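# Summary of structural features
This is what each chain is made of:
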Amino acid sequence: MHTIFTFYIISNPDVEHHNSYAAFDINGEMKNCTVIFTTEPFRKPGDMFFDHMVTGLVPIDDLGTLYTKEDAANFAVPTTGGTGAESTINYVITDVEKKRKFVCVDPNDIPDVAVVDPDMMSSMPKGLTASTGMDALTHAIEGYTTKAAWALADCLDLEAIKLIAKNLRKAVQNDPDGREGMALAQYVTAMAYSNVGLGIAHSMAHTLGAVYDTPHGVACAMMLPIVMEYNQEYTGEKFRDIAEAFGVDTKGMSADEYRKAAIDAVRQLSVDVGIPTKLEKLKEEDLPFLCESAAADACAPGNPRAASLADFEAMFRKLM
Ligand SMILES: NC(=O)c1ccc[n+]([C@@H]2O[C@H](COP(=O)([O-])OP(=O)(O)OC[C@H]3O[C@@H](n4cnc5c(N)ncnc54)[C@H](O)[C@@H]3O)[C@@H](O)[C@H]2O)c1
Ligand SMILES: [Zn+2]
């Protein structure tokens, strides 16, 4: 049995970098072992990325070898506290020429073993801890309110929101309990979104990542409260649960009040951990492409409220 270890190293990976860093064999003591440096567990070099196809084969160019789940065990070791990619069926690759990020889905991408150890995350600087943690919060809130949400995923997402509300500020201070809470939160909410999907905060974040190389977690954090405002009337009582997960006593509150309380709590957390609210790189002339790209993103259909190009533009404008 071949064993594959993956370590998260590269930000916003594209095909070129994936190919150059993809894999190498460790000679000597560790036989039959491949180490992949990536931000995600597994990916396939070459054009087939962009087909969004389940191929059943995972070619790794540097080795000239084809692996499937049957002949390679994949151990995923997250070193950031956000993507939860160690438990998901998908990975995200940037097509630099098209300036698009593509969400690819492949059962071969699901690691066999996830080693989720908060100590592996303790070397993250404050900014990376904050941004990756806000990515996890975006997974939890988008997963909790996506069209496909259902009871089991809701349990995971709500628990993740509680954990993040309690632990992200502490994790940013490198407090061990905070790190532990965030390691768990990002992991459990990923198990949910891997099944139920996400929404347009991710569509817009993917677009900003592809066009401006904005770190994924920063882009998610900036979009999340804007998208929550846009979605709020399409979320039933779910924003009451979110507000309560942040410690708000919602007794006696109207829907408008508890929805505002949930959005305010998310916005406050983002500010407290140092995420900016404006994106200076965002230019007027880029808006048409940004909107079309976000509308075409794989996460858009899961959003509880449909968004037109004009809606996307109004939301992107809030970052200017
Ligand atoms: N399941 C999925 O497929 C999924 C989900 C969410 C996001 N994503 C994708 O994942 C990427 C974002 O990954 P991310 O948020 O983990 O990282 P990131 O891209 O924000 O940051 C990665 C950087 O952090 C550094 N780093 C990693 N661990 C560190 C540590 N412990 N100490 C110090 N530095 C460390 C790396 O060297 C790299 O430079 C984006 O491309 C995004 O689109 C994928
Ligand atoms: Zn994400």
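For the structure given in this document, a descriptive report is provided here. (Residues numbered from 1 in each chain as written. Chains lettered and ligands numbered in written order. Predicted model: local features only at pLDDT ≥ 70, side-chain atom pairs only at ≥ 80, totals over all residues.)

### Here we look at the overall build of the protein chain
- When helices and strands are counted, the protein chain shows ten helices and nine strands.
- Counting all 320 residues of the protein chain, 51% fall into the buried class.
- Summarising the internal contacts of the protein chain: among those between residues at least 6 apart in sequence, 76% fall at separations of at least 24. (Helix = DSSP H or I, 4+ residues; strand = E, 2+ residues; numbered from the N terminus. Buried ≥ 20, exposed ≤ 12 C-beta atoms within 10 Å, placed from the backbone. Contact = placed C-beta atoms within 7 Å.)

### Points about the pairing of strand S7 (residues 90-95)
- Among the six residues that make up S7, five are buried, leaving the element largely enclosed by the rest of the structure.
- Two strands pair when backbone bridges link them, and S7 and strand S8 (residues 100-105) are joined in this way by six bridges, in the antiparallel orientation. Residue Asn90 lies in a different strand from S8, and its bridge partner there is Val105.
- In this antiparallel pair of consecutive strands, S7 and S8, the connection spans four residues, and Lys99 shows a positive phi of 55 degrees. (Pairing = 2+ DSSP bridges.)

### Brief notes about the environment of Ala261
- Along the chain, the position of Ala261 falls in helix H8 (residues 255-272).
- Ala261 gets classed as buried once you count the C-beta atoms within 10 Å, which come to 20.
- A C-alpha to C-alpha distance of 9.6 Å links Ala261 and Asp249, two positions twelve residues apart in sequence.
- Other than its neighbours up to four places away in sequence, Ala261 contacts Ala243, Val248, Thr250 and Met253.

Coordinates in, geometry out; function isn't part of it.
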